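# Structural features, examined
One-letter residues, chain by chain:
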Amino acid sequence: MTRKVRTRIAPSPTGFLHLGTARTALFSWAYARHHGGDFILRVEDTDEARSTQEAVDQIIAAMKWLNLDYDEGPFFQMQRIERYREVIGQMLVAGSAYPCYCTPAELDAMREAQRARGDKPRYDGRWRPESGKALPVVPDGVKPVIRFRNPVDGVVTWDDMVKGPITISNGELDDLIIARPGADAATLIGTPTYNFCVVVDDWDMQISHVIRGDDHVNNTPRQINILHALGAELPVYGHVPMILGPDGDKLSKRHGAVSVTQYEDAGYLPEAMLNYLARLGWSHGDDELFSREQLVSWFDGHHLAKSPAQWDVAKLNWVNGHYLKALPDASLAVQVSDRFAARGITVPVDDHLARLCALFKDRCATTVELAEWLAMYFLDVEPRDEDLSAHVTDAVKPAVQSLRERLVDIEWSKPAISAAIKEVITAHGIKMPQLAHAVRVLVCGRAQTPSIDAVLELFHREVVIGRLQIE
Ligand code: GLU
């Protein structure tokens, strides 16, 4: 029988959900969904000094926003410490782990001597039990760390889902510390270390596929050796290359926003984010735009790229613009109203707002941009001096005045406004763009907008009349 597909995302809550982690979560989620398996959220919070509840909350909120639903969890490693200690206890009995009483000073001296000889610094195995070997005398007052008894010979090989076969010689790996010293004499086993907790969790949670960033490739042979020592079934590993910034360096804060929450706040849509993230390191032919359902039906673990993907804001904006335009105007109105609310401005979700969204959405990549455009309908505008002097010239002012007078008592509709504008330009012998630009600057606070009659129709008449008042 083949194993049930169970994947996980294991973020460390030391910061917000990074785009790279979100992408790994997406791949793990899509792979599980494709196979009708389970997706698990595990919070790796053993770095107590740097882990925060705020980060946990943000990670969970970002997963929810992206609609990456998990079947189990969140599990917290700090709540599983006793389980890790229990496994270490069993390993000590079985001989696959051992206490090491080297002091930090001794370890320093060991490394120093190795360097002096031109050797690679590594633990020399002085506390490693071997048959026929006499171990040093346990020193007074030193609390031991626990080390994993790594095989000395042979190699570790796995067939990586992304990178293909990888082989590491055991000679490269020294005996990993799996637990720090206990806090007191009664506690032999202190805090278990990161690489160990991951192994026990993947084992206990019956993870079948570990998809993660390739910054973890070096941990994998160690984790595989421990899993072997525990008699555990190995997961399949897939190491996805890092996401790079536009300059080719690993994507970081230096390149701009790197947390999912920042993109949510900047007016990106979750479906667009998901679509864009999926294409960073995975492809399905030339398809750039696809639904969640298509992603799930296509994501079979193949076509994962070996080379790193580059973050491309222009492409993200293009994808987001596509999703934004595809949304029903009534839904877009809800999103835009939320954007105003975030700025402390109450804008009711109604047919008027939906019509505004329909008129302006073509020129926007994000809902924040759309709300910026629509602000002219809900807030006062302040035309810039250079726009006023360029467009509201003495030659055009009389025409503006005439238009203002006509708008007072026409039917308030796009055709009637259009007819009034045409009559005024004919009467004043000026060109359409001259009047349209002046009206835009005065009413909208900017010289470029969609068709002016359509734009004006959606204002209250009194607002237009008031803004066209020039002394
Ligand atoms: N907590 C690790 C990280 O945030 C993930 C480890 C793993 O996926 O095995 O990078």
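Before reading on, note that the structure itself is shown above.
What comes next is a walk through the structure.

Criteria and cut-off values
Residues numbered from 1 in each chain as written. Predicted model: local features only at pLDDT ≥ 70, side-chain atom pairs only at ≥ 80, totals over all residues. Heavy atoms only, no water. Helix = DSSP H or I, 4+ residues; strand = E, 2+ residues; numbered from the N terminus. Rg over C-alpha atoms; globule rule 2.2 N^0.38 Å. Buried < 20%, exposed > 50% of the residue type's maximum accessible area, 1.4 Å probe, protein only. Contact = heavy atoms within 4.5 Å. Areas by Shrake-Rupley, 256 points an atom, 1.4 Å probe, with all protein chains shown as cover. Lys, Arg positive; Asp, Glu negative; His and termini not counted. Charge placed at Lys NZ, Arg CZ, Asp CG, Glu CD. Salt bridge = Lys/Arg side-chain N within 4 Å of Asp/Glu carboxyl O. Near = heavy atom within 4 Å. Polar contact = N/O pair within 3.5 Å; in protein donor to acceptor, adjacent residues only side chain to side chain. Core = buried A, V, L, I, M, F, W, Y, C linked by side-chain atoms within 4.5 Å. Pairing = 2+ DSSP bridges. Axes fitted to C-alpha atoms, helices over the stretch in contact; angles between N-to-C directions. Phe/Tyr/Trp six-rings, centres within 6.5 Å; stacked < 30°, edge-to-face > 60°. Expected span 1.5 Å × (residues − 1). Parallel < 35°, antiparallel > 145°, perpendicular 65-115°, else oblique. Left-handed = near helix turned anticlockwise from the far one by under 90°.

## Considerations on the overall build of the protein
- Scanning the protein from N- to C-terminus turns up 19 helices and 13 strands.
- For 471 residues, the compact-globule estimate of 2.2 N^0.38 gives 23 Å, and the C-alpha radius of gyration of the protein, at 32 Å, exceeds that figure by more than 25%.
- Its C-alpha atoms put the protein at 110 × 50 × 40 Å along the principal axes.
- When each of the 471 residues of the protein is scored for burial, the buried share is 49%.
- Looking at the protein alone, contacts between residues at least 24 apart form 74% of all its contacts between residues at least 6 apart.
- As presented, the protein carries roughly 22100 Å² of accessible surface, and 51% of it is formed by carbon and sulfur atoms.
- Considering the protein, the positive charge centre built from 51 side chains and the negative charge centre built from 64 side chains are found 3 Å apart.

## Examining the environment of Pro 450
- In this fold, Pro 450 is placed in the loop between α17 (432–444) and α18 (452–457).
- In sequence terms Pro 450 and Leu 359 are 91 residues apart; their C-alpha atoms lie 7.3 Å from each other.
- The residues contacting Pro 450, other than those within four sequence positions of it, are Leu 359, Phe 360, Arg 363, Arg 440 and Val 455.

## Here we look at the pattern of salt bridges
- Within this structure, the stated rule accounts for 37 salt bridges.
- Between Arg 279 and Glu 288 there is a salt bridge, with its nearest N and O atoms 3.1 Å apart.
- Taking the relative accessible area as the measure of exposure, Glu 288 reaches 25% and is therefore partly exposed.
- Arg 406 is paired through a salt bridge with Glu 423; the nearest N and O atoms lie 2.1 Å apart. Linking Arg 406 in helix α15 (residues 397–407) with Glu 423 in helix α16 (residues 414–428), this pair joins segments that are 17 residues apart in sequence.

## Considerations on the site of the ligand
- Near the ligand, the surroundings consist of Arg 8, Ala 10, Ser 12, Glu 44, Tyr 194, Val 198, Arg 212 and His 216.
- Glu 44 is positioned such that a nitrogen or oxygen atom in its side chain is 2.6 Å from a nitrogen atom of the ligand.
- Between the ligand and the protein, one listed contact pairs an oxygen atom with a side-chain N or O atom of His 216 at 2.9 Å.
- Contact with the protein chains removes 81% of the 300 Å² of surface that the ligand exposes when unbound.

## Re the nonpolar core
- Counting residues in hydrophobic clusters, the biggest one holds 58 residues, and the most contacted among them are Leu 374 and Leu 435.
- A total of 8 residues in this core trace back to one element, the largest contributor, which is α17.
- For Leu 435, the residues in contact, after removing those within four places along its chain, are Val 396, Ala 399, Val 400, Leu 403, Ile 421, Val 424, Ile 425 and Ile 430.
- Membership of the second largest hydrophobic core comes to 46 residues, among which are Ala 22, Trp 29, Tyr 31 and Tyr 268.

## A look at the sheet that holds strand β8 (residues 177–181)
- Taken in spatial order, the 4 strands line up as β4-β5-β8-β9 in an open sheet, and their pairing is antiparallel. Whereas interior strands pair on both sides, the edge strands pair on one side only; in this sheet they are β4 (97–100) and β9 (189–192). Going from strand to strand, the sheet's axes swing by 35° on average, the running direction of each strand aside.
- In the sheet, β4 pairs with strand β5 (residues 145–148) via 4 bridges, with the strands oriented antiparallel.

## Overview of the side chain of Asp 45
- Mapped onto the secondary structure, Asp 45 falls in the loop between β2 (38–43) and α2 (53–65).
- The side chain of Asp 45 sits in the buried core without any salt bridge; Arg 42 is the nearest counter-charge, 8.9 Å away.
- Here Met 78 takes part through its backbone nitrogen, which lies 2.9 Å from a polar atom of the side chain of Asp 45.
- With near-sequence residues (within four places) excluded, Asp 45 lies in contact with Pro 13, Ser 51, Phe 76, Gln 77 and Met 78.

## Some remarks on the packing of aromatic side chains
- Tallied over the full model, the rule gives 12 aromatic pairs.
- Relative to Trp 311, the ring of Tyr 263 has its centre 5.6 Å away and its plane inclined at 65°; by these criteria the two rings are edge-to-face. Here Tyr 263, found in helix α7 (residues 260–265), pairs with Trp 311, found in the loop between β13 (309–310) and α10 (313–326); they are 48 residues apart in sequence, far enough to count as distant. For the residue pair Tyr 263 and Trp 311, the accessibility class agrees, reading buried in each case.
- Measuring from centroid to centroid gives 5.6 Å for Phe 360 and Trp 373, while their planes differ by 35°, and the two rings are tilted.

## So, α10
- Given a rise of 1.5 Å per residue, 14 residues ought to cover 20 Å, and the 20 Å separating the end C-alpha atoms of α10 matches this to within 8%.
- Three or more residues of α10 are buried, namely Leu 316, Val 319, Asn 320, Gly 321, Tyr 323 and Leu 324.
- Capping of α10 at its N-terminal end is provided by Asp 312; its side-chain oxygen lies 3.1 Å from the backbone amide nitrogen of Ala 314.

## Digging into unusual backbone geometry
- Omega for the peptide link from Gly 73 to Pro 74 comes to 5°, which places this bond in the cis form.
- Relative to the assigned elements, Pro 74 resides in strand β3 (residues 72–76).
- Of note in this structure, Asn 67 is not a glycine but carries a positive phi near 65°.
- Here Asn 67 falls in the partly exposed class, since its relative accessible area comes to 40%.
- The residue Gln 206 is not glycine, and still its phi comes out positive at about 50°.

## Observations regarding the packing of helix α8 (residues 270–278) against α10
- Between α8 and α10, the least distance of the axes is 9 Å, while the angle of their chain directions is 140°. Judged by the angle between their axes, α8 and α10 are oblique. The two elements α8 and α10 meet at a crossing, and its hand is right-handed. Residues Glu 271, Ala 272, Met 273, Asn 275 and Tyr 276 of α8 form the contact with α10, whose own contacting residues are Lys 315, Leu 316, Val 319, Asn 320 and Tyr 323.

Functional significance is not addressed by these values, which are geometric in nature.
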